[in-house]
Amino acid sequence: MLDLPDFHTHAPGKTLGILNLGIAESPSAGIYSMGLHPWYLDGNWEKDIEILTKKLEDLRILAVGECGFDGIRGPDLAIQKAAFEAQAAMAKSLGLPIILHCVKGLHLLQEFLKKHSQPIIWHGFNLHPDAGKSLVREKKIVRWLDHVAADASEIYLLGDVFDFWFEYKHAVPRGYV
């Protein structure tokens, strides 16, 4: 069987893999990634960021993460968002990609991507394929709106332009409340 590279593994000793470690762990050899997983964040996450900052000096670290959002498990999403943004800023300053954990947090990722652009390796992406395409379409329409803003005092968008942004169980048309 062909041994393919694994951008995110928890199995030490994999020859073609980037081992993912938490900040309390130390690698014995090889390349690895390190970050604050959303499941394990707590009220002291800012102290953990300080530890992570020092550990990121190791040139064997090829990515920051696994970090991100989990709407099912972990602390309040505000804490997850703040910790993710801190790690993303560190990754960007070091020229490293982010290894993303995203469960029921796509809206937070979309919010982040509206303001930031950096390489992201989406670990365990198992959403419907259209969810990934939705992120690309959203960036395109936001870029277009920014482009025409100088020439248009008002824009009327009619029809189902935003179907890919909303799940109808969460959006209620005007007049139906």
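These numbers come from a predicted model, not from an experiment.

Some points on the pairing of strand β4 (residues 61–70)
Part 1 of the reasoning: With nine of ten residues buried, β4 is to be regarded as a mostly interior element.
Part 2 of the reasoning: Pairing analysis gives three bridges linking strand β3 (residues 32–34) to β4, with the strands arranged parallel. Pairing of Ser33 across the sheet is with Ala63, part of β4.
Part 3 of the reasoning: Pairing geometry for β4 and strand β5 (residues 98–103), over six bridges, is parallel. For Phe69, the partnering residue across the bridge sits in β5 and is Cys102.
Part 4 of the reasoning: A crossover connection joins β4 to the parallel β5 through helix α2 (residues 77–94); in handedness this β-α-β unit is right-handed.

Structural notes on α2
In an α-helix, one turn spans 3.6 residues; hence positions three or four apart end up facing the same way.
Part 1 of the reasoning: Between its first and last C-alpha atoms α2 spans 25 Å; for 18 residues at 1.5 Å apiece the expected length is 26 Å, and the two agree.
Part 2 of the reasoning: Residues Gln80, Ala83, Phe84, Gln87, Ala88, Met90 and Ala91 constitute the buried set of α2. Seen along its axis, α2 keeps its buried residues to an arc of 160°; they face one direction. Residues of α2 that are exposed and point more than 90 degrees away from the buried face comprise Ala78 and Ser93.
Part 3 of the reasoning: Where α2 terminates, the next one or two residues include Gly95, which has phi positive at roughly 70°.

Observations concerning the pairing of β5
Every regular strand shows the same layout, with side chains that alternate between the two sheet faces.
Part 1 of the reasoning: The element β5 is extensively covered by neighbouring structure, given that five of its six residues are classed as buried.
Part 2 of the reasoning: Sheet topology places β5 next to strand β6 (residues 120–122); three bridges connect them, and they run parallel. Looking at β6, one finds that Ile99 is bridged to Ile121.
Part 3 of the reasoning: Once you follow β5 into helix α3 (residues 106–115) and on to β6, the crossover reads as right-handed.

Some thoughts on the packing of aromatic side chains
Part 1 of the reasoning: Counted under the stated rule, the structure contains three aromatic pairs.
Part 2 of the reasoning: Ring centres 6.2 Å apart and planes at 80° place the aromatic pair Trp39 and Tyr40 in the edge-to-face group.
Part 3 of the reasoning: Among the residues examined, Trp39 registers a relative accessible area of 31% and is labelled partly exposed.
Part 4 of the reasoning: Here Arg73 stacks its cationic end above the ring of Trp39, 3.7 Å away from the centre of that ring.

A word on the side chain of Gln118
Part 1 of the reasoning: Note that Gln118 resides in the loop between α3 and β6.
Part 2 of the reasoning: What makes Gln118 buried here is its relative accessible area of 13%.
Part 3 of the reasoning: Not counting residues within four places of it along the chain, the set of residues in contact with Gln118 comprises Ala88, Ala91, Lys92, Ile98 and Phe112.

Cut-offs and rules
- Residues numbered from 1 in each chain as written.
- Predicted model: local features only at pLDDT ≥ 70, side-chain atom pairs only at ≥ 80, totals over all residues.
- Heavy atoms only, no water.
- Buried < 20%, exposed > 50% of the residue type's maximum accessible area, 1.4 Å probe, protein only.
- Helix = DSSP H or I, 4+ residues; strand = E, 2+ residues; numbered from the N terminus.
- Pairing = 2+ DSSP bridges.
- Right-handed = clockwise from strand over helix to strand, strands pointing away.
- Expected span 1.5 Å × (residues − 1).
- Arc of directions from axis to C-beta.
- Phe/Tyr/Trp six-rings, centres within 6.5 Å; stacked < 30°, edge-to-face > 60°.
- Lys NZ or Arg CZ within 6 Å of the ring centre and 35° of its normal.
- Contact = heavy atoms within 4.5 Å.

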